[in-house]
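Summary of the model geometry
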Amino acid sequence: MRLQMRKRLLLLSSLFMLLCSLKAQNNTITIHADQKGANISPTMWGLFFEDINFAADGGVYAELVKNRSFEFNNPFMGWRRLMGRIPRGRLDVFNTGNPNNPRYIQIINNSADSTVGIQNEGFRGMGVQEGATYNFSVLIKKAGTKNPSLVIELVNSKGEVIGTTSLSGFTDKWNKHKAKLTATATEAKASLRVLVKGEGTLHMDMISLFPQDTWKGRENGFRKDLVQKLYDLKPGFIRFPGGCIVEGRDLANRYQWKNTVGKVEDRKVIINRWSSEIAQRSPADYYQSYGLGFYEYFLLAEDLGAEPLPILNCGMACQFNTGELVAMEQLDTYIQDALDLIEFANGAITTKWGKLRAEMGHPAPFNLKKLGVGNEQWGPEYITRAKAFTAVIKKKYPTIELIGSVGPYSGGENFEYLWKEMKTLKPELVDEHYYSPPNWFLRNARRYDTYDVSGPKIFAGEFAAHDRPLPDGRRKNNWYGALAEAAFMTGLERNARVVSMASYAPLFAHVDVWQWSPNLIWFNNLTSVATANYYVQQLFSTNKGSYVVPAIMNEKSIAGEDSLYVSATIDDRSNEIIIKLVNANPAQKNITINITGVTRIANKLTVTTLSNTDLQLENSVEQQTNIIPVKKEISISGNSFTYMAEASSMNVIRIQKN
Ligand code: AHR
């Protein structure tokens with residue numbers, strides 16, 4: 001009996017293997033290189049920026065001093081008073097009543113031979129590099145007749161001085177004074193001491209320290225390594241400032257772009273909503289200095305060659321929090337903010353807001369084309385507000401394209417309702433979000449195959465594969481998630497007729513103080529790492545092509561058949577066929593690729609591969625190269641050739657058409 005059973009099992013398993021091998025033999029992909037499909041939008045692959053995980057202050061915004069203008073709820077948060085054991089001076093906070101930057105400090109040193117001052121801890125320390133120069137600045141005036149000076153010191157985590165400079169010659173008028181320091185050692189957790197030497201009284205505000213070597217050497221600039229990583233993604237657009245941060249936990253906490261432009265010292269600091277969103281990850285010291293404000297966002301977009309894509313509050317606070325609504329009679333202020341933003345970005349320098357842009361250093365327009373109305377809103381209240389925004393904006397600026405929300409989820413009742421409304425409201429784009437398990441991404445590679453081309457186009461504005469969390473709550477940026485995203489993205493590209501924008505979210509995270517995971521780029525105070533997900537995004541954006549052509553297997557497009565996912569495009573400029581092939585099998589696949597519709601192709605192809613059989617593997621700041629793209633050339637002969645796709649791999653194949 002048992003023997004019979006075993007025989008049956010053996011027979012069954014050999015049948016299964018035979019079926020598998022037969023199936024494997026069917027892996028012939030035909031690329032119809034002469035059948036032009038939809039054009040791929042220049043904005044297809046872009047960036048989603050939100051100040052979450054210390055992405056702005058403490059992240060890409062290169063300011064090293066936290067709470068530089070003493071405007072946090074606790075004015076000394078981030079600062080330590082250095083008064084000595086028996087204080088021979090005092091430190092006070094004054095409030096000027098200026099609503100945007102009310103506070104400054106006064107330090108009195110009562111003794112010629114003592115030193116009193118303050119020390120700033122930075123954003124979980126300050127990252128400084130040996131030999132690099134740092135620009136110190138302070139708004140300062142003296143009070144009284146004495147003339148104390150300032151000594152400024154960079155200090156390492158052991159308390160040793162690793163850089164020093166001084167300033168003197170202060171008057172009784174507020175002035176910005178600047179000095180340079182050079183670090184004598186590399187330190188991830190440095191701090192900054194500002195010491196008053198000699199008897200007298202000094203008033204200080206906006207105590208600031210920036211690396212000299214910022215992106216493009218700009219003052220008030222960005223961390224170079226982080227922007228370089230964005231630049232290397234060749235993004236088609238950059239969405240800002242979020243995310244839920246647009247909405248705020250309540251309306252008072254919403255993002256108001258007008259508070260983020262003009263002189264840096266006049267920008268109104270507010271608490272970051274992510275300081276209290278996630279119970280176990282609530283950094284009380286998370287504020288928005290707005291040193292990175294809307295002007296800087298537009299400038300960043302320009303630097304990256306990306307279209308700027310602001311998302312504005314539509315009179316609704318985050319519906320996961322208070323869901324506070326502005327009354328319809330008071331919505332005008334919000335709509336006016338949108339109109340004024342368009343003027344700030346595109347208006348002539350003779351207009352109020354265009355003039356401000358010019359005064360800030362950019363007389364030329366920023367060429368804003370698209371605007372998002374609300375982030376993840378839902379319900380009829382959203383539709384009422386979106387309609388009001390649309391009517392006014394379209395009347396004044398008919399060519400500005402609008403983006404509507406269909407809520408935070410990829411489906412469900414709210415989603416259906418909002419989509420129905422969007423078909424009537426007709427924004428140019430609809431913003432879909434999906435944070436789902438890797439399997440969802442694999443299963444949904446056909447999501448857009450049936451979407452209606454006549455409706456608004458799709459902006460996949462926030463997406464990321466979320467695998468199960470680790471015990472500490474972090475979800476890894478593992479290869480499994482990245483591979484699943486790659487598979488799904490072949491579906492976005494294949495459906496370029498309806499999908500015209502997509503961005504992974506969120507973008508940045510500080511390893512010591514994150515709230516959300518996974519994220520595209522992680523960093524500490526000294527270095528940053530591109531995740532496997534980053535490389536997937538990069539392979540799509542740098543191998544975009546001009547238009548889609550059919551890639552067919554067994555008479556169908558390929559979105560999960562035998563765990564393969566394929567899209568193909570033609571790059572008009574380089575005259576190349578670009579094939580993106582994801583093998584989600586745990587085994588290597590030999591695939592026959594037929595290119596039809598071209599008389600001849602080159603006798604070699606280049607392929608860039610991301611692969612690993614360990615689906616849990618990820619890159620980290622310590623191990624940056626676990627999963628990185630590998631490029632090689634392969635000789636082929638004729639229009640039909642065999643390609644070996646490694647197990648669990650994403651492959652970008654480029655072949656020259658002759
Ligand atoms: O990307 C993180 C958050 O996810 C965004 O702020 C929000 O829009 C979404 O819920």
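Values in this document were obtained by computation on a predicted structure and should not be read as measured data.

So, how was this worked out
- Residues numbered from 1 in each chain as written.
- Predicted model: local features only at pLDDT ≥ 70, side-chain atom pairs only at ≥ 80, totals over all residues.
- Heavy atoms only, no water.
- Helix = DSSP H or I, 4+ residues; strand = E, 2+ residues; numbered from the N terminus.
- Contact = heavy atoms within 4.5 Å.
- Areas by Shrake-Rupley, 256 points an atom, 1.4 Å probe, with all protein chains shown as cover.
- Lys, Arg positive; Asp, Glu negative; His and termini not counted.
- Charge placed at Lys NZ, Arg CZ, Asp CG, Glu CD.
- Pairing = 2+ DSSP bridges.
- Axes fitted to C-alpha atoms, helices over the stretch in contact; angles between N-to-C directions.
- Near = heavy atom within 4 Å.
- Polar contact = N/O pair within 3.5 Å; in protein donor to acceptor, adjacent residues only side chain to side chain.
- Buried < 20%, exposed > 50% of the residue type's maximum accessible area, 1.4 Å probe, protein only.
- Salt bridge = Lys/Arg side-chain N within 4 Å of Asp/Glu carboxyl O.
- Phe/Tyr/Trp six-rings, centres within 6.5 Å; stacked < 30°, edge-to-face > 60°.
- Core = buried A, V, L, I, M, F, W, Y, C linked by side-chain atoms within 4.5 Å.
- Domains from an automatic or database assignment.
- Buried area = accessible area lost by both parts, 1.4 Å probe.
- Nonpolar A, V, L, I, M, F, W, Y, C, P; charged D, E, K, R; others polar.

What follows is about the overall build of the chain. Counting its regular elements, the chain contains 10 helices and 35 strands. Judged by the C-alpha coordinates and their principal axes, the chain covers about 100 × 60 × 55 Å. Of the contacts made within the chain by residues no fewer than 6 positions apart, 76% connect residues no fewer than 24 positions apart. Accessible surface, the chain as shown: approximately 26,600 Å² in total, 52% of it carbon and sulfur. Taking the average place of the 75 positive charges on the side chains of the chain and the average place of its 65 negative ones, the gap between the two points comes to 2 Å.

Strand order in the open sheet formed by 5 strands is S4-S5-S13-S8-S11, with antiparallel pairing between adjacent strands. Strands with a single pairing partner mark the edges of an open sheet, and in this sheet they are strand S4 (89-95) and strand S11 (175-182). Between one strand and the next, the sheet's axes are offset by a mean angle of 35°, whatever the strand orientation. Judged from the 8 bridges that link them, strand S8 (residues 133-143) and S11 form a sheet pairing that is antiparallel. Considered in S11, the bridge of Val138 is made with His177.

Here we take up the site of the ligand. Near the ligand, the surroundings consist of Phe48, Glu50, Gly243, Cys244, Trp274, Asn375, Glu376, Tyr435, Glu462, Pro506 and Trp516. Contact distances for the ligand include 2.8 Å between an oxygen atom and a backbone N or O atom of Cys244. About the coverage of the ligand: the protein hides 96% of its 280 Å² of free accessible area.

Further remarks concern helix H10 (residues 532-541). Burial of H10 is extensive: 10 of the 10 residues sit out of reach of the surface. If you check which residues of H10 are buried, you get Ala532, Asn533, Tyr534, Tyr535, Val536, Gln537, Gln538, Leu539, Phe540 and Ser541.

The next point concerns the environment of Ile52. Examined against the element boundaries, Ile52 turns out to sit in the loop between strand S2 (45-48) and strand S3 (79-82). Among residues more than four places away in sequence, those in contact with Ile52 are Trp274, Tyr286, Pro506, Phe508, Gln515 and Trp516.

This part is about the side chain of Arg447. Tracing the backbone through its elements, the reader meets Arg447 in the loop between helix H8 (438-443) and strand S21 (457-465). Taking the relative accessible area as the measure of exposure, Arg447 reaches 12% and is therefore buried. Among the polar contacts listed, one links the side chain of Arg447 to the side chain of Glu432, at a separation of 2.9 Å. Excluding its chain neighbours within four sequence positions, the residues that come into contact with Arg447 are Ser410, Phe415, Glu432, Tyr434, Trp440 and Phe488.

Counted according to the given criterion, the structure contains 35 salt bridges. For the salt bridge of Glu121 with Lys66, the shortest nitrogen-to-oxygen distance reads 2.6 Å. Separated by 55 residues along the polypeptide, Glu121 in the loop between strand S6 (115-120) and strand S7 (126-128) and Lys66 in the loop between S2 and S3 bring together distant segments of the chain. The salt bridge involving Arg494 is made with Asp449; its shortest N-O contact spans 2.9 Å.

Take the packing of aromatic side chains next. Under the criterion given, the structure shown has 45 aromatic pairs. Taken together, a centroid distance of 5.1 Å and an interplanar angle of 80° make the contact between Tyr255 and Tyr290 edge-to-face. Of this pair, Tyr255 sits in the loop between strand S14 (237-240) and strand S15 (270-271) while Tyr290 is found in the loop between strand S16 (287-288) and helix H3 (294-304), placing the two residues 35 residues apart along the sequence. The same class applies to Tyr255 and to Tyr290, which are both buried.

Attention now moves to the nonpolar core. Residues Phe49, Phe294, Phe344, Leu371, Leu492, Phe508 and Met650 are the most contacted members of the largest nonpolar core, which totals 131 residues. Non-local contacts of Leu492, meaning those with residues more than four positions away in its chain, are made with Met44, Trp45, Tyr434, Tyr448, Val499 and Ala502. Membership of the second largest hydrophobic core comes to 34 residues, among which are Val138, Ile140, Ile162 and Met204.

Read around the closed barrel, the 8 strands follow the order S2-S14-S17-S18-S19-S20-S21-S22; overall the barrel is parallel. Taken pair by pair, the neighbouring strands of this sheet meet at an average axis angle of 25°, ignoring direction. Where strand S20 (residues 429-436) and S21 come together, 8 bridges link them in parallel fashion. Counted as the bridge partner of Asp431 is Phe459 from S21. Helix H4 (residues 332-346) contacts strand S17 (307-312) and strand S18 (370-373) of the sheet and is inclined by roughly 165° relative to S17. Running over the sheet, helix H7 (residues 413-425) touches strand S19 (401-405), S20 and S21 and is turned about 165° from S20.

Per the domain assignment, the segments making up the chain are domain 1 (25-38 + 548-657), domain 2 (45-62 + 223-542) and domain 3 (79-211). Look at where the C-alpha atoms of domain 1 and domain 2 centre, and you get two points 31 Å apart. The partner domain 2 presents 34 residues to the 37 residues of domain 1 that form the contact. In this assembly, domain 1 packs against domain 2 so that about 2,800 Å² is buried in total across both faces, 65% of it on carbon and sulfur atoms. Remark: the boundary between domain 1 and domain 2 carries 3 salt bridges. A salt bridge links Arg446 to Glu561, with the shortest nitrogen-to-oxygen separation between them at 3.1 Å. Those elements that place two or more of their residues in the side of domain 1 that touches domain 2 are strand S28 (556-557), strand S29 (564-571), strand S30 (576-583), strand S32 (601-611) and strand S35 (649-657). Looking at which element gives the most residues to the side of domain 1 that touches domain 2, the answer is S29, with 5 residues. Classifying every residue of the side of domain 1 that touches domain 2 by side-chain character gives 18 nonpolar, 13 polar and 6 charged.

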